[in-house]
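Descriptive structure summary
What follows is the residue order along each chain.
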Amino acid sequence: MPETSAFIDAIAALDITFTTDRRAARRAFPAALALATAEDHAFLDRLVDTFTLYPFESAMKRLAAQYAAEPDNQRRLVALVPDTDPRLFIRDRADRVAEMQARARRNNTSVEEEYSAQHVALPSAELPRTPMRQWRNPPARTYLAPNRGTEKSRQTPEQIKYRAVRRGKRRPVVTEPELVTKYVAENLYTDTVDSELTDARAAENRARERGLLARPETGSWTPRFPGDKPPLDAEEAHALWNHAYVHYVAEQHQHALALAGKSTISDDNALAHAATRTTLRGYTDRRTAIPFQGNGLDYDHEAMTPVRGWRCVSCFIERSDTDQHLIHDRAGALRSDDGLCDMCRADDRPGLPPLPAGFTARDLARAYFRFFADTYPDATRGLLAEVRGRAPQWLITLIDEFLDTAALPGGAPSNPDPQPPLARAQRQPRRRGPVLGAGQRTGRCDACTRITAVNTDSLCTQCLVWIGLDVPVRREHAA
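These numbers were taken from a predicted model, which means no experiment stands behind them.

1. Quick notes on the overall build of the protein
Scanning the protein from terminus to terminus reveals 20 helices and four strands. Every one of the 479 residues in the protein was classed for burial, and the buried ones make up 21%. Pairs at least 24 residues apart make up 50% of the contacts formed inside the protein by residues separated by at least 6 positions. For the protein, the exposed surface amounts to about 37000 Å²; the carbon and sulfur share of it is 55%.

And the structure:
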């Protein structure tokens, strides 16, 4: 494939140019993209779709598994896949796309139809109600049928822009009816379904208690086609709709501010306004509530970035994403991962031997096992135990099989020497600290800043007496 080779070579040259002169690389990119074939364009489209729908780590695993048996695409992966996260994945957008795909599979439709049905539902609810009489007897046409002669003068770009701007604005009237003003100020976007459903459920319960209505029977659900999922619970579906409606009203409020020429507000303020207007205050944010006197986040744990992939086999430091690929381009030739970081590779330190063509990730893992067993026999179990704690299931299985069969020092002896039974340890008496009183807890006093037993107002007993908030009762002794 000479065209593809030229395109990959041009991209590799641009990668080197980008580190020295970014402007020159941007100017040369259109010429390099012109060398791409139809297969290259399709491969780039699949890359963008994968990084948009899945997180970076999951996308890399999917691409490696998808093109494991295709040498041409393997070379494209080495040259075109970014070394760092391109930031194309947005969780909210990915969740909406996954929801649309699931609905399309369940309803035997397309993603575009489900997207249109979901976004048309809210605007269509605001359309004026049409009398039933006009459904079968539509009014007579009171205007001429449109034709090319009458419409060609209205389709100029200036007139279309003018009509779109005028249609988007609210046309003022000389005297607005009081009914319209009162409805817009008080009842627009106000949701009364919750109160109506509560009253209806209360009436049904009263009727069932009096024996006027039968108890509801739990019906069985039958799948309509393979892969069909049962419908959502009524409470869950109602909560999802209220959540979507609050966000819709917040968007309408932002749109109204923009049309009025005012500066837009933040999303939090828009959601707060929508929650007040719709009376649905519990559906603005579906995240878990923040715990009392804390946010429940372990900052020490969250600040640590987990180690990805294999460490360097020479200095045991975490390697960059560039060194984590299965196939590397060294001096114009493709070879397997050598297990070294860039510093150890520059110092010509020993690494993994090259594997024959057609190797898999399992073959590379076994190469790591053999290298550790030959080079660091005493530390092999500790090294593999560290890798096992963050490895996928298939790698955990390989590590367990290797440790069970390999003759490594530090393992359990086959015939352990019998030892006399140990004497039973004597239990040491437990030292108990001061017992807290009723309504007290251990914390920092707001007055003296000591860590001691504090009351509900975060003050210790000594500070309460010193400030004068707690006067001790004098004990009277009988004569």
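Read on for the rest.
2. A word on the pairing of strand S4 (residues 451-454)
Here strand S3 (residues 441-444) pairs with S4 via four bridges, running antiparallel. Bridging across to S4, Gly443 finds its partner in Thr452.

3. Quick word on the confidence of the model for the protein
Per-residue confidence for the protein gives a mean pLDDT of 77; residues scoring 70 or more make up 74%. In the model of the protein, helix H8 (residues 133-136) stands out as the element of lowest mean pLDDT, 58, in contrast to helix H17 (residues 361-375), which has the highest, 92.

4. Brief notes about unusual backbone geometry
Backbone geometry at Asn108 places phi at a positive 60°, although glycine is not the residue there. Locating Asn108 in the fold gives a position in the loop between helix H6 (91-107) and helix H7 (111-125). The exposure class assigned to Asn108 is exposed, which follows from its relative accessible area of 72%. Its identity is not glycine, yet Thr449 carries a phi of approximately 60°, on the positive side. Here Thr449 lies in the loop between S3 and S4. The partly exposed category is assigned to Thr449, whose relative accessible area is 46%.

5. Thoughts on the packing of aromatic side chains
Using the criterion set out here, one finds twelve aromatic pairs in the structure. For the pair Tyr189 and Tyr248, a centre-to-centre distance of 6.5 Å together with 85° between the ring planes defines the contact as edge-to-face. Of the two residues, Tyr189 sits in the loop between helix H11 (178-186) and helix H12 (193-209) while Tyr248 sits in helix H13 (residues 234-259), which places them 59 residues apart along the sequence. With respect to burial, Tyr189 and Tyr248 carry one shared label: buried. Feature note: the residues Trp310, Phe316, Tyr368, Phe369, Phe371, Phe372, Tyr376 and Phe402 constitute an aromatic cluster, connected by ring pairs. Sitting over the ring of Tyr54, Arg62 keeps its end group 3.8 Å from the ring centre.

6. Concerning a nonpolar patch on the surface
A surface patch of nonpolar side chains, about 430 Å² in accessible area, is lined by Trp466, Ile467 and Leu469. Along the polypeptide, Ile467 turns up in helix H20 (residues 461-467).

7. Concerning helix H18 (residues 380-388)
What H18 keeps buried is the set Thr380, Leu383, Leu384 and Val387. For H18, the angular spread of the buried residues around the axis is 90°, confining them to a single face. On its buried face, H18 sits against H17 and helix H19 (393-405).

8. A few points about the environment of Ala272
Along the chain, the position of Ala272 falls in helix H14 (residues 267-278). Relative accessible area serves as the criterion here: at 40%, Ala272 is assigned to the partly exposed category. Residues Ala272 and Ala250, 22 residues apart in the sequence, show an inter-C-alpha distance of 8.2 Å.

9. Things to note about a positive patch on the surface
On the surface, Arg22, Arg23, Arg26 and Arg27 cluster together into a patch of positive charge. Structurally, Arg23 is set in helix H2 (residues 22-33).

10. A word on the packing of H12 against H13
Across the interface, H12 lies against H13 with an axial gap of 12 Å and an inter-helix angle of 160°. Considered as vectors, H12 and H13 are oriented roughly antiparallel to each other. In the packing of H12 onto H13, the handedness of the crossing is right-handed. On the side of H12, the interface is formed by Val193, Asp194, Leu197 and Arg201, while H13 contributes Glu235, His238 and Asn242. Of the residues belonging to the contact of H12 with H13, the class tally is two nonpolar, two polar and three charged.

11. A word on the pairing of strand S1 (residues 327-330)
The pairing of S1 with strand S2 (residues 333-336) spans four bridges and is classified as antiparallel. Residue pairing in the sheet places Arg330 in a bridge with Ala333 of S2. Hairpin connection from S1 to S2: two residues lie between these consecutive antiparallel strands, with Ala331 at a positive phi of about 55°.

12. Section: H13
In a regular helix each residue adds 1.5 Å, so 26 residues correspond to 38 Å; H13 covers 37 Å between its end C-alpha atoms and thus fits that length. Among all positions in H13, only His238, Ala239, Asn242, Tyr245, Val246, Tyr248, Val249, Ala250, Gln254 and Leu257 are buried. Within two residues after H13, Gly261 carries a phi angle of roughly 80°, on the positive side.

13. Quick notes on the nonpolar core
Ranked by internal contacts, the top residues of the largest apolar core, which has 30 residues, are Trp310, Phe369, Phe372, Leu395 and Phe402. Listed by contribution, the elements that provide at least two residues to this core are H17, H18 and H19. If you tally residues by element for this core, the top one is H17, at eight residues. Ranked by size, the runner-up nonpolar core spans 17 residues in total, among them Ile11, Ala25, Ala59 and Leu80.

Rules and cut-offs
- Residues numbered from 1 in each chain as written.
- Predicted model: local features only at pLDDT ≥ 70, side-chain atom pairs only at ≥ 80, totals over all residues.
- Heavy atoms only, no water.
- Helix = DSSP H or I, 4+ residues; strand = E, 2+ residues; numbered from the N terminus.
- Buried < 20%, exposed > 50% of the residue type's maximum accessible area, 1.4 Å probe, protein only.
- Contact = heavy atoms within 4.5 Å.
- Areas by Shrake-Rupley, 256 points an atom, 1.4 Å probe, with all protein chains shown as cover.
- Pairing = 2+ DSSP bridges.
- pLDDT = per-residue confidence, 0-100.
- Phe/Tyr/Trp six-rings, centres within 6.5 Å; stacked < 30°, edge-to-face > 60°.
- Lys NZ or Arg CZ within 6 Å of the ring centre and 35° of its normal.
- Patch = residues over 30% accessible without salt bridge, like charges linked within 9 Å, V, L, I, M, F, W, Y side chains within 5 Å.
- Salt bridge = Lys/Arg side-chain N within 4 Å of Asp/Glu carboxyl O.
- Arc of directions from axis to C-beta.
- Lys, Arg positive; Asp, Glu negative; His and termini not counted.
- Charge placed at Lys NZ, Arg CZ, Asp CG, Glu CD.
- Axes fitted to C-alpha atoms, helices over the stretch in contact; angles between N-to-C directions.
- Parallel < 35°, antiparallel > 145°, perpendicular 65-115°, else oblique.
- Left-handed = near helix turned anticlockwise from the far one by under 90°.
- Nonpolar A, V, L, I, M, F, W, Y, C, P; charged D, E, K, R; others polar.
- Expected span 1.5 Å × (residues − 1).
- Core = buried A, V, L, I, M, F, W, Y, C linked by side-chain atoms within 4.5 Å.

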